[in-house]
Amino acid sequence: MAIGSAAQFVVFSLVMALIGGLTWWKCRSPHARSKDESREFFLASGGLTWVYVAGSITITNLGTEQLVGNNGGQTLILAWWELAGFIGLLILALVFVPIYYRNNCTTTTELLEKRYNDGRIRTMISVLFMSGYVFISMPSALYTGSLFLQTVFGIQAPQMVLGTGIAILGGCYGLLGGLRAVAVSETFAGVGLLVICSALVLLALGAVNFDLSGIPADRVTLIGSPDSPIPWPTLFTGMIFIQIFYWSTNQAITQRAMASPSVREAQKGVLAAAAIRIMIVPAIVVLPGVVAYKLYGNIGDRAFGTLIGDLLPPWMSGVFAAILVTSVATHFVAVLNSAAALYVCDIHQKYVNPKASVGRVNAIISVLCILIAIAMIPVYSNATSIINLLQQINGLLSMPILSAFIVGLLFAEVEAMAAIAGVVFGVLLYAFFTFVYAPFGLHYIHLMLVTLILTVSFALIVNRVIFGRTARFVGFKGAFLEVDRAAS
């Protein structure tokens, strides 16, 4: 293994140890722990203040998939994923957080069980979420993290080896204290990540004298043409629903908001994350890639790491690498924690053993998920653009899952099996659009909206024709079923 600089490696190791030590120090003192093991492991006993909610949400989303993947596109248009995320976070804070708290949810899927009064839909959606985490989110994080290490340090070790190391590091953070340790480490790493990434943007622009001339026009515009990664009309079709799914129903995100002591504290954290999203994140996930295009040409997903290796002094690149690898590791274990929460709460305790040790089951399922994620790393190594691949294949799950929430929250008198039939229909329909035939050559973001509309319609038709029940539109007021857990 050839390390580019001894200084890089020493600083890298010291910063990694520092973040780990700070996390241990913060989590070592006794907290008001819940007698419910599930709440302690997966909701930190409701003890996350708004600072840690904001930090954890930011880093759970801002991993190497975004920094490496978006910058790897080497075009400004990809900033729309982050700009639109601001709207998604506002919807989470103002609409969904109160709903989850008033229904006393540990998982987002628990809300579905209460709305449909049927545990089968909760189980099905949990399995879909877990599949997305284990086969898409976790291995892509390991792939982009290992690619970053190869690029910055010049490490010749296989990506499987590097990815395994990141996974083990993430597992260690998880052992420090479940979601509590993950949120704390993500916040510590997140502050450093945002500061250094902002500095990198300034250094990158300085390297080209703040002059982006000479770069093709389609790479420096926010108005996407029909053949761009994000054609501008898609901002008004599927884009907003992608954001609602990701920020408001996705367990890996909402779990942080549900771990606060009150609705107000959770909303403060989500709104702070939204402010970070709109003010800082768009620039750091696209500008370095665009500058790299001017300096090196089209080098794809290696753009971000190459720029860091060239522009930052060895000690600073070592600091950055340590912070980013810690962020990747904690992002990885954060998603792992969400997958384990879904399995333990929605499957094992319901169907296997309701009195099983949460810690033991969590450890077993976590090891299994980690092994699967590591084995999946080679699948992503051949991607032309990792960010576009992830967004497209996520549609297999996102719109069908969102349809179950839309039908359940907005309508009453809907049979759970009708919603389940809709989800199955949606998965098959989007798979057809993606792998067989895209009608009228529509962009996949447009097709996500088409899938969502047809899936919701299919569920309501099945409810009427097969089960003889007429759905009644009730709006979001139907979601407020129980006494607010902590209204203020």
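The residue numbers shown here count from 1 along each chain, following its written sequence. Two thresholds apply to this predicted model, a pLDDT of at least 70 for residue-level local features and 80 or more for giving and counting side-chain atom pairs, whereas whole-chain, interface and lining totals are computed over all residues. Heavy atoms throughout the structure, all of them, feed into the side-chain values; hydrogens and water do not.

Novice: Account for the overall build of the chain, with residues named and values stated.
Specialist: We count a stretch as a helix when DSSP gives it H or I for four or more residues in a row; a strand needs E for two or more, and each element gets its number in order from the N terminus. Scanning the chain for helices and strands turns up 20 helices and two strands. A total of 488 residues make up the chain; the buried ones form 60% of that total. In short, Shrake-Rupley with a 1.4 Å probe defines the accessible areas, and a residue's cover is counted only from the protein chains shown. By element, 68% of the accessible surface of the chain is carried by carbon and sulfur atoms, the whole surface being about 18300 Å². Relative accessibility decides the category of a residue: with a 1.4 Å probe and only protein chains considered, values under 20% of the type maximum give buried, values over 50% give exposed, and everything between is partly exposed.

Novice: Please give an account of helix 6 (residues 108-116) that cites residues and values.
Specialist: Since the α-helix packs 3.6 residues into each turn, any two residues three or four apart lie on the same face. Most of helix 6 sits out of view: eight of its nine residues are buried. Count one or two residues on from helix 6 and you reach N117, which has phi positive near 55 degrees.

Novice: Mind laying out the pattern of salt bridges, listing which residues take part and the relevant values?
Specialist: The salt bridge criterion pairs a side-chain nitrogen of Lys or Arg with a carboxyl oxygen of Asp or Glu, the two atoms within 4 Å. Using the criterion set out here, one finds eleven salt bridges in the structure. In this structure, a network of salt bridges that share partners links the residues D118, R120, E413, E415 and R469.

Novice: Could you give an account of helix 12 (residues 263-279), naming the residues involved and the relevant values?
Specialist: Multiplying 1.5 Å by the helix residue count minus one yields the expected span of that helix. Taking 1.5 Å of rise per residue, the 17 residues of helix 12 would be expected to cover 24 Å, and the 24 Å separating its terminal C-alpha atoms lies within 8% of that figure. All of the buried residues in helix 12 are V263, E265, A266, Q267, G269, V270, A272, A273, A274 and R277. At its buried positions, helix 12 is contacted by helix 3 (50-61), helix 5 (80-102), helix 10 (238-249), helix 11 (251-257) and helix 13 (281-296). For this analysis, residues touch if any pair of their heavy atoms sits within 4.5 Å.

Novice: Which residues make up the environment of G55, and what are the values?
Specialist: Position of G55 relative to the elements: it lies in helix 3. For the pair G55 and V191, spaced 136 residues apart in sequence, the C-alpha separation works out to 7.8 Å. When neighbours within four sequence positions are excluded, G55 is seen to be in contact with E186 and T187.

Novice: A description of the environment of Y101 should follow, citing residues and the corresponding values.
Specialist: As for its placement among the helices and strands, Y101 is situated in helix 5. Exposure remark for Y101: the relative accessible area of 1% places this residue in the buried category. A polar contact of 2.6 Å, which involves the side chain of Y101, links it to the backbone oxygen of A257. The term polar contact refers here to a pair of N or O atoms within 3.5 Å; inside protein, the definition further demands a hydrogen-donor-capable atom paired with an acceptor-capable atom, and it admits residues adjacent in sequence only when both atoms are side-chain atoms. In this structure the side chain of Y101 is engaged in a polar contact, spanning 3.1 Å, whose partner is the backbone oxygen of S260.

Novice: I'd like a rundown of a nonpolar patch on the surface, residues and numbers included.
Specialist: Surface patches are drawn from residues lacking salt bridges whose relative accessible area is over 30%; two like charges belong together within 9 Å, two nonpolar side chains (Val, Leu, Ile, Met, Phe, Trp, Tyr) within 5 Å. Residues F432, F435, V436 and Y437 make up a contiguous nonpolar surface patch of roughly 450 Å² in combined accessible area. For V436, the position within the fold is in the loop between helix 19 (416-435) and helix 20 (444-465). For V436, a relative accessible area of 61% corresponds to the exposed category.

Novice: I'd like a description of the packing of aromatic side chains, backed by residues and values.
Specialist: Geometry of aromatic contacts follows a simple scheme: Phe, Tyr and Trp rings, the Trp one being its six-membered ring, pair when their centres are within 6.5 Å, and the pair is stacked under 30 degrees between planes, edge-to-face over 60, tilted otherwise. In total, this model carries eight aromatic pairs according to the counting rule given. With a centroid separation of 6.5 Å and 80 degrees between ring planes, the pair formed by W232 and F236 is classed as edge-to-face. Joined through ring pairs, the aromatic side chains of F129, Y133 and F245 make up one cluster. A positively charged side chain is recorded as over a ring if its NZ (Lys) or CZ (Arg) lies within 6 Å of the ring centre. The angle to the ring normal must also be within 35 degrees. Its end group placed over the ring of Y351, K350 keeps NZ or CZ at 5.9 Å from the ring centre.

Novice: Can you break down the side chain of S228 residue by residue, with the values?
Specialist: Its location among the elements puts S228 in the loop between helix 9 (178-207) and helix 10. When its relative accessible area of 14% is taken as the criterion, S228 is described as buried. Engagement of the side chain of S228 in a polar contact is seen with the backbone oxygen of S225, the distance being 3.0 Å. In this structure, S228 is in contact with I77 and H443, ignoring residues within four places of it in sequence.

Novice: Could you give an account of the nonpolar core, with specific residues and numbers?
Specialist: Judged by nonpolar contacts, the single largest core of 155 residues is most densely connected at L67, I125, F148, L193, V270, F304 and F320. Examining the composition of this core, we find that 20 residues originate from one element, helix 15 (residues 314-352), more than from any other. Once residues within four sequence positions are removed from consideration, F148 is found in contact with T64, V68, F304, G305, I308, F320, A321 and L324. What we call a nonpolar core is a set of buried Ala, Val, Leu, Ile, Met, Phe, Trp, Tyr and Cys residues that are connected through their side-chain atoms within 4.5 Å.

Novice: Account for the environment of S457, naming residues and giving values.
Specialist: Along the polypeptide, S457 turns up in helix 20. Expressed as a C-alpha distance, the spacing of S457 and G422, which sit 35 residues apart in the sequence, is 8.1 Å. A polar atom in the side chain of S457 sits 2.8 Å from the backbone oxygen of I453.

Novice: An account of the side chain of R277 is needed here, citing residue identities and associated values.
Specialist: Following the sequence through the fold, R277 ends up in helix 12. A residue is classified by how much of its surface remains accessible, and R277, at 1% relative accessible area, is buried. Of note is the side chain of R277, whose polar atom sits 2.5 Å from the side chain of E82. Leave out the neighbours within four places in its chain, and R277 touches T58, N61, E82, G85, F86, L89, W247 and P282.

Novice: Go over the confidence of the model for the chain with me, naming the residues and quoting the values.
Specialist: Predicted confidence across the chain gives a mean pLDDT of 84, with 88% of residues reaching 70 or more. As a per-residue quantity, pLDDT reports the predictor's confidence and falls between 0 and 100. Confidence, read as mean pLDDT per element, is least for helix 2 (residues 37-43) in the chain (62) and greatest for helix 20 (96).

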